[in-house]
Amino acid sequence: MKKLPNGISNYEELIEDGYLYVDKTMYIEKMENLSDKKIMFLRPRKFGKTLFTSVLENYYDVRKVDKFEKLFGETYIGKNPTPNKNRYHILKFNFSGIDTETEETTIKGFKSKTTASIRYFVNIYGLDFYINEQEDAESILNNLFIAFGAQKQGEKIYVLIDEYDHFANELLGFHTEHFRELVSKNGKVRKWYEILKQGTETVVDRIFITGVAPI
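Reading guide: rules and limits
- Along each chain, the written sequence defines residue order, and numbers are assigned to residues from 1.
- The model is predicted, so local features are restricted to residues of pLDDT at least 70 and side-chain atom pairs to those at 80 or more, both for listing and for counting; the totals for chains, interfaces and linings are taken over all residues.
- By convention in this description, side-chain values take in all heavy atoms of the structure and omit both hydrogens and water.
- Going along the chain from the N terminus, every DSSP run of H or I of four or more residues is numbered as a helix, and every run of E of two or more is numbered as a strand.
- When a residue's accessible area, from a 1.4 Å probe over protein chains only, is under 20% of the maximum for its type it is buried; when over 50% it is exposed; and in between it is partly exposed.
- A contact between two residues is defined here by any heavy atoms of the two lying within 4.5 Å.
- Method for areas: the Shrake-Rupley scheme with a 1.4 Å probe, in which residue coverage is limited to the protein chains shown.
- Residues counted as positive are Lys and Arg, residues counted as negative are Asp and Glu, and His and the chain ends are not counted.
- By definition here, a salt bridge exists when the distance from a side-chain nitrogen of Lys or Arg to a carboxyl oxygen of Asp or Glu is within 4 Å.
- Counted as a polar contact is a pair of N or O atoms within 3.5 Å, where, for protein atoms, one must be capable of donating a hydrogen and the other of accepting one, and residues adjacent in sequence contribute only when both atoms are in side chains.
- The rule is short: rings of Phe, Tyr and Trp, with Trp giving its six-membered ring, pair when the centres are within 6.5 Å, and they are stacked under 30 degrees, edge-to-face over 60, tilted in between.
- Cation placement over rings: the criterion is NZ of Lys or CZ of Arg within 6 Å of the ring centroid and within 35° of the ring normal.

The subject of this paragraph is the overall build of the protein. Looking only at helices and strands, the protein features ten helices and four strands. Counted from the first residue to the last, the protein has its helices and strands arranged as α-α-β-α-α-α-β-α-α-β-α-α-α-β. Across the 215 residues in the protein, those meeting the buried criterion constitute 46%. Within the protein, contacts between residues separated by at least 24 positions form 72% of all contacts whose residues are at least 6 apart in sequence. With the model as given, the accessible surface of the protein reaches about 11400 Å², and the carbon-plus-sulfur share is 50%.

Shown next, in the form of structure tokens:
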């Protein structure tokens, strides 16, 4: 009998350690058949959003091509693979756990989350890229896209963003003035997403965003 995966949201760990997985991979095929390549998936907390994001990460990652059968062989998508399986470089962000006490701590936390994800991305895909800590989060992201396009010509990025609204919800609840400055109007967080949108014109092919509220 397989073990119940209580609190496990890492798909690779779940499969390799023999935990029970309720197959939701048919939705990968459905998503890929949509005309829109930028998908926002909103559901209440504890509805499996992070696990599904991990499923996408493992399915599309070019580094996991040799593990495809092991990870997905018993699933729907393993028996019905789509044209884009193991095609992308996965750039994954998680914006939970940011200190929103002040505007400064929020900006610092958002930048820290951005740089940590980019540093991991650079390391696992062997990209020659220097993260300039003196630059803001949106500039670092923009420079990454430029470097990727120059070094990985013809290849594409799949951006996954989990808990995109976690810190924004806290700002709305406790610091609405900071929300207005950072997220709305010409705030730094909005500028970061504008850079992400610009990336879809060059190296970003698909985006999947999860959260609980349509902010």
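What follows concerns the side chain of Arg206. Mapped onto the elements of the fold, Arg206 is located in strand E4 (residues 204-211). Buried charge without a partner: Arg206 forms no salt bridge, and the closest opposite charge is Asp205, 4.0 Å away. At 3.4 Å, the side chain of Arg206 and the side chain of Tyr88 are in polar contact.

By secondary structure assignment, the location of Ser9 is in the segment before helix H1 (11-16). Looking at Ser9, the relative accessible area reads 33%, which means it is partly exposed. Once residues within four sequence positions are removed from consideration, Ser9 is found in contact with Thr50, Leu51 and Ser54.

Before going further, it helps to examine the packing of aromatic side chains. Taken as a whole, this structure holds 20 aromatic pairs when the rule is applied. Their ring planes at 40° and their centres at 5.0 Å tell us that Tyr60 and Tyr158 sit as a pair that is tilted. One end of the pair, Tyr60, is in helix H3 (residues 49-60); the other, Tyr158, is in strand E3 (residues 157-162), and 98 residues separate them in sequence. Note on Tyr158: relative accessible area 2%, which makes it buried. The interplanar angle of 85° and the centroid separation of 5.5 Å between the aromatic rings of Phe95 and Trp192 together place this pair among those described as edge-to-face. With Phe95 in the loop between strand E2 (89-94) and helix H6 (103-124) and Trp192 in helix H10 (residues 188-199), this pair connects stretches of sequence that are 97 residues apart. Here Phe95 matches Trp192 in class, with each residue buried. Here the aromatic residues Tyr11, Tyr21, Tyr59, Tyr60, Phe68, Phe72, Tyr88 and Tyr158 are joined through ring pairs into a cluster of three or more. Against the face of Tyr125 rests Arg63, its NZ or CZ located 5.6 Å from the ring centre.

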